[in-house]
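# Analysis of the macromolecular model
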Amino acid sequence: AHFGVFPDDTGTDVDVFVNGEASGITFGFKDTTDFVDFPAGSYTFDIVPTGGTIDDSVFTVADFAIEADTQWSVFASGYVASDAGAGFTVGAVQEDRSTIEDGKVRVQVVHAAALGALNPVDIWVVDADCVPDGILPLAADFAFGASGNFDLDSPALPLGFDVGQDGTVDACFSVPDVGVTNDIVSVYAVNDDAGAVSLVAHLPTGDTAEITPTAL
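Overview of the structure. (Residues numbered from 1 in each chain as written. Predicted model: local features only at pLDDT ≥ 70, side-chain atom pairs only at ≥ 80, totals over all residues. Heavy atoms only, no water.)

## Some words on the state of the cysteines
Evaluation of the coordinates by the stated rule reveals 1 disulfide. In this model, C130 is linked to C172 through a disulfide, with the two sulfur atoms separated by 2.3 Å. Disulfide C130-C172: the torsion about the S-S bond is -90°, which places it as left-handed. You can see C130 sitting in the loop between β9 (121–125) and β10 (139–142) and its partner C172 sitting in strand β13 (residues 171–175), a full 42 residues away along the chain. Overall, the relative accessible area of 3% leaves C172 in the buried class. (Disulfide = S-S within 2.5 Å. Helix = DSSP H or I, 4+ residues; strand = E, 2+ residues; numbered from the N terminus. Buried < 20%, exposed > 50% of the residue type's maximum accessible area, 1.4 Å probe, protein only.)

## Let's talk about the pairing of strand β12 (residues 157–162)
Most of β12 sits inside the fold, with 5 of its 6 residues counted as buried. Two elements, β9 and β12, share 4 bridges in a ladder whose sense is antiparallel. Looking at β12, one finds that D122 is bridged to D162. (Pairing = 2+ DSSP bridges.)

## Side note on the pattern of salt bridges
Where charged atoms of side chains with opposite charge meet at close range, the side chains can pair. According to the stated counting rule, one finds 5 salt bridges in the structure shown. Here K104 makes a salt bridge to D153, at a shortest N to O gap of 2.6 Å. You can see K104 sitting in the loop between β7 (89–95) and β8 (105–111) and its partner D153 sitting in the loop between β11 (147–152) and β12, a full 49 residues away along the chain. What makes K104 buried here is its relative accessible area of 18%. (Salt bridge = Lys/Arg side-chain N within 4 Å of Asp/Glu carboxyl O.)

## A word on the sheet that holds strand β15 (residues 197–202)
Strand order in the open sheet formed by 5 strands is β11-β8-β14-β15-β16, and the pairing between neighbours is mixed. Of all the strands in the sheet, just β11 and β16 (208–211) have a single pairing partner and so form its edges. Direction aside, neighbouring strands of the sheet carry axes that sit 25° apart on average. Examined bridge by bridge, β15 and β16 share 4 bridges and lie antiparallel to one another. For V200, the partnering residue across the bridge sits in β16 and is E210. (Axes fitted to C-alpha atoms, helices over the stretch in contact; angles between N-to-C directions.)

The analysis is restricted to geometry; functional conclusions fall outside its scope.
The structure is reproduced here in structure tokens:
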């Protein structure tokens, strides 16, 4: 499994506890980790502010089953103290490379932006002027915590976020071509406390790249 954390940007790093014990996995806002190997079995994960004990856990995922030869993206998002709908949560997406058509890349998009205005949002493929390029959005009613897989010739994709779901793009992003084929690029939509939205791309190498919106 690899882990990513996208809660509010209070500067608090978190530790991942596994079966009640500190695992040594520590990271902060917009950080991701490389894959971490676990023997097949059932695990309980706790998210703990860095330096805390298991008693300080802010979220517990109990009895998470990891089977042999499977891979997972695990992400934390939301606010520890918030209104309903944007509360702190942990999600997981199983990564399946076996069904990727040869020569294509699977872009795995996760809505981890807790900003209320983005829940839900329509995602469009856009042209050079950030105008929707097509009749239907790439993803409609994309809600906080949702994920979707898109198999493409290249991860280079101009994306537009339609906050009002009225066919008008409110934020435009240019995802670069990172030269990945026959593999998965995970892209997380996130926001900070000031409401600034960006995309965080997790690459197969374990590297992370942040993509900020272009001006409209």
